There are 4 protein chains.
Amino acid sequence: MSAAPRTARGEQTRRRILEAAEHVFAEHGYTESSVSRITERAGVGQGTFYLYFDSKLDVFDELVEDLNQRVRHAMSEGARGATSRLEAEREGFAAFFRFTAEHPALYRVVREAEFVSPGALRLHYTRIVEGYIDGLRQAQLDGEISDIDPTVAAWALMGIGEMIGMRWVLWGNGAGGPGDDADPTASGTDAVPEHVLDEMMRFIGGALGRGDRRSEGEDS
Amino acid sequence: MSAAPRTARGEQTRRRILEAAEHVFAEHGYTESSVSRITERAGVGQGTFYLYFDSKLDVFDELVEDLNQRVRHAMSEGARGATSRLEAEREGFAAFFRFTAEHPALYRVVREAEFVSPGALRLHYTRIVEGYIDGLRQAQLDGEISDIDPTVAAWALMGIGEMIGMRWVLWGNGAGGPGDDADPTASGTDAVPEHVLDEMMRFIGGALGRGDRRSEGEDS
Amino acid sequence: MSAAPRTARGEQTRRRILEAAEHVFAEHGYTESSVSRITERAGVGQGTFYLYFDSKLDVFDELVEDLNQRVRHAMSEGARGATSRLEAEREGFAAFFRFTAEHPALYRVVREAEFVSPGALRLHYTRIVEGYIDGLRQAQLDGEISDIDPTVAAWALMGIGEMIGMRWVLWGNGAGGPGDDADPTASGTDAVPEHVLDEMMRFIGGALGRGDRRSEGEDS
Amino acid sequence: MSAAPRTARGEQTRRRILEAAEHVFAEHGYTESSVSRITERAGVGQGTFYLYFDSKLDVFDELVEDLNQRVRHAMSEGARGATSRLEAEREGFAAFFRFTAEHPALYRVVREAEFVSPGALRLHYTRIVEGYIDGLRQAQLDGEISDIDPTVAAWALMGIGEMIGMRWVLWGNGAGGPGDDADPTASGTDAVPEHVLDEMMRFIGGALGRGDRRSEGEDS
DNA sequence: AATGAATGAGAGTTCATTCAT
DNA sequence: GATGAATGAACTCTCATTCAT
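Computed from a predicted model, the values in this text were never measured in an experiment.

The rules behind the values
- Residues numbered from 1 in each chain as written.
- Chains lettered and ligands numbered in written order.
- Predicted model: local features only at pLDDT ≥ 70, side-chain atom pairs only at ≥ 80, totals over all residues.
- Heavy atoms only, no water.
- Domains from an automatic or database assignment.
- Contact = heavy atoms within 4.5 Å.
- Buried area = accessible area lost by both parts, 1.4 Å probe.
- Salt bridge = Lys/Arg side-chain N within 4 Å of Asp/Glu carboxyl O.
- Helix = DSSP H or I, 4+ residues; strand = E, 2+ residues; numbered from the N terminus.
- Nonpolar A, V, L, I, M, F, W, Y, C, P; charged D, E, K, R; others polar.
- pLDDT = per-residue confidence, 0-100.
- UniProt positions renumbered as here; feature names shortened; annotations may be inferred.
- Least-squares fit on C-alpha atoms with pLDDT ≥ 70 in both.
- Near = heavy atom within 4 Å.
- Polar contact = N/O pair within 3.5 Å; in protein donor to acceptor, adjacent residues only side chain to side chain.

Focus on the domain arrangement of chain A
All names here are of chain A.
- Domain annotation for chain A reports domain 1 (1-54) and domain 2 (57-219).
- Each side of the interface is counted separately: domain 1 has 13 residues, and domain 2 has 15 residues.
- Between domain 1 and domain 2, the buried area comes to about 1300 Å², and carbon and sulfur atoms account for 65% of it.
- The interface formed by domain 1 and domain 2 contains two salt bridges.
- A salt bridge links Glu62 to Arg14, with the nearest nitrogen and oxygen atoms 1.9 Å apart.
- It is helix H1 (residues 8-32) that provides the largest number of residues to the side of domain 1 that touches domain 2, a total of ten residues.
- Along the lines of polarity and charge, the residues of the side of domain 1 that touches domain 2 split into seven nonpolar, two polar and four charged.

Let's talk about the confidence of the model for chain A
All names here are of chain A.
- Put simply, chain A has an average pLDDT of 86, and 86% of its residues get 70 or more.
- The weakest mean pLDDT in chain A belongs to helix H10 (residues 213-219) at 41; the strongest belongs to helix H3 (residues 46-52) at 97.
- Scored below 50 in pLDDT, residues 175-189 makes 27 contacts in the model with residues more than four places away or belonging to other chains.
- Segment residues 211-220: pLDDT under 50, and eight contacts once partners within four positions in sequence are set aside and those in other chains are kept.

With respect to the pattern of salt bridges
Residue and element names in this part refer to chain B.
- Under the defined criterion, the tally for this structure stands at 60 salt bridges over all chains.
- As a salt-bridge pair, Asp66 and Arg70 come within 3.0 Å of each other at their nearest N and O atoms. Pair noted here: Asp66 and Arg70 are both in helix H4 (residues 56-79), with a separation of four residues, about one helical turn.

Observations regarding the UniProt feature "DNA-binding region" (unreviewed entry) in chain A
- With numbering aligned to this structure, UniProt lists the feature "DNA-binding region" (unreviewed entry) at residues 34-53 of chain A.
- In residues 34-53 of chain A, helix accounts for 75% and strand for 0%; the two terminal C-alpha atoms are 14 Å from one another.

Regarding the relation of the copies chain D and chain C
- Each copy of the sequence occupies a distinct position, and chain D is placed on chain C by a rotation of 180° and an axial shift of 0.1 Å, giving an RMSD of 0.2 Å. The symmetry that links the two subunits is that of a two-fold axis.
- A share of 96% of interface residues in chain D that are also interface residues in chain C marks the association as one of identical surfaces.

Some thoughts on the protein's contact with DNA strand E
- By nearness alone, 35 residues border DNA strand E, and A:Thr48, A:Tyr52, D:Thr13, D:Gly45 and D:Thr48 come closest of all.
- Backbone atoms, meaning sugar and phosphate, make up 67% of the atoms of DNA strand E lying within 4 Å of the protein.
- With respect to DNA strand E, the side chain of A:Arg9 contributes an N or O atom lying 3.1 Å from a phosphate oxygen.
- Among the elements that take part in the surface near DNA strand E, H3(A) stands out by supplying five residues, more than any other.
- Among the residues forming the surface near DNA strand E, the class breakdown is eleven nonpolar, 19 polar and five charged.

Observations concerning the interface of chain D and chain C
- On the chain C side, the residues contacting the 57 residues of chain D number 56 residues.
- For the pair chain D and chain C, the summed buried area comes to about 5000 Å², and 67% of that belongs to carbon and sulfur atoms.
- Broken down residue by residue, the surface that chain D buries against chain C is led by D:Phe115, D:Arg122 and D:Phe203, which jointly contribute 17%.
- Along the contact surface separating chain D from chain C lie eight salt bridges.
- Between C:Glu114 and D:Arg108 there is a salt bridge, and its shortest N-O distance comes to 3.6 Å.
- Counting residues per element, the side of chain D that touches chain C draws most heavily on helix H8 (residues 150-170) of chain D, at 16 residues.
- The residue inventory of the side of chain D that touches chain C, partitioned by class, reads 29 nonpolar, 13 polar and 15 charged.

In structure tokens:
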């Protein structure tokens, strides 16, 4: 049974293992990552791992949890200070893409979670979506956007961010075509090009509409 | 080295292995699926597997390829006969969700492909997206939709379909909450509820807009 | 149970398998050679193999037997017409080296026989040695060489031929140093350089001495 | 990846595996020796093997290397104190035969190396031959032997030792005839009979000649 | 707190051989 | 006579995890 570290030294060791795990998982995926590779990278003995984690799956879950908190924090930080829902959306996405570019682990690790730890995956998506829903509902109250079902819209937004992020961040801005069989680790980590972000926001802007549009439309 | 079957009997055996692989992969994911589980399910000896496939990865790739063709066929069949781009979109998505509900393997297998066979994953998404792009371009020529960048819009549509499909088809219509840690296999395979499809299409309809809207708006 | 071919067609098939086996064994050694590789090279079905041979070991033995006959034939052909024991020796060795260069299988296959089929190995060496012994004994009767124990001398000659052949024929005339880790198949198949053959014969000439030397030497 | 043992316990385990490997390889040859047989004999778990060796081939190479050092040491120890080149040769061969009798692995393992690890094989022979060459050259400077090409002579000596060793040590002093199909392991491990050694040395003595013979002999 | 040694179950894969056609 | 389908035992190697120090 693992235990919480009792000393500052222990705390540090634990953190080093977690960081090593993030890198290793990001590079090789869950199944191809071995505990020994993690401990090696962390510079600790193999046995030490089990002082702080119950199992390989245990670190994985903790990692997903950790990444989820960090990405949500990054997104809300990015959106802070926006003066409209759409601006908030844009800044939130931009922050998300930046975070993804800096932590490719997020994508890779999370996607693999479907098989490894389905609960963690659902929790991850659901939490982000809940943030969207809150924002959308508020915007609807403010008459800023249409009265679309906020849950459906939120999952749609989630999907857009995921796919655009995969296509332009993870695969790199260049080709990204199927021929590009290369090591996924190697692919670009640039942010999404400005043009793509613009068009994506135009797409979303139209999707969410204006609060008054429907009445207008229905009036005519 | 594997070889193509040279007799009807061999052809049948190969097909049985492929079918077994689809089920096993869908249930357990790539890494948790062993060749022996596949051959056991197919009712053949372990060695027989290697008569027709070079490796475990080989079947996987073939399976992704196969599923890709089938889902695209299902989507274009679904959309055939639609009288507008939006109707085509709706019917295409509906067909996609139906297919997903009937073949949960698609989702699971494809998502895992990111680590297992990145080339296969990209090819899969890219092909579907190319179909979208063609449709969007035509609709733009017909003045049916706005002049949004079709590539960006297509990837956004792909993401929407993916995420909505995951949320409502794969996780089931019910809870789907994070607490639902259970065996993903067990989750519902119903289609997406009518209401969700409606709202999703409202979202997409707004996103793609009308071809004349921008000019009109800009004119005024 | 295999059987002797009953038709001309069968005879031909059998021979094709045997030839294919020689090449495959020579290139990959016994254990790395699979029956399927042999049948593939022979252009026949896998089952056909067992029509003419009881087992993989069976072809191997037959091959060793066959090579043994051919190399002894080549050696005696080479030595035919020699006017002295030493000349006969030289021509015999030269023929041996030529044969080895043309059929590297001999060396490789025979050497591996030690583990695969020890009986075959012993038989191979013993037969060649017996030829030497006969020749040496005759030469002694003719007073051409010293009265050294012909059995010991014969095995010594066998060893010299083996080692020189390995060093200069199998490893190639060039470097042959230990650094040369390359594929043994690729190594040169040139014959032994003239100079080496000369020196080797000087060595052997001294070793066998002249029949009159001992008496002479002892007399003095 | 294997690693060097870091504790005394690990060191001991590694040595036990190496010793077990020597016996198992000597008895069954490389291909018929399985890692599990080795670990079983060493009394350790299968996985333990890979703690200290990268692969089956890895132990094999190390074993060849080890045997090579030991046999060369035995030979130079044996020859130490000899007062003539010929005496040194005789004692060196005697030591070689004794070593072979005590470590039949040498022969079997080395001979199989041709296919398993050609580089190791060449290195083994080349190193021994180099020792011969040095000795021969020195003896030539001292006028003790003829001016024969030392490289050719050295390889010839190597071959003689190999073959005589195989015939009388490995096959046993008795029959050795081809009929003796039995398990090669069972064959005798006695040293070479005195008579054989005598005759072999007479052969070699004549071959190397005396430094003054050629000029003197040819002059007279 | 920390570690390296040890393990055994299980993975993917190969192959000599048999057999129905 | 000839064949390709089929098999299952055996192989090498990996790895999460436990434990004595």
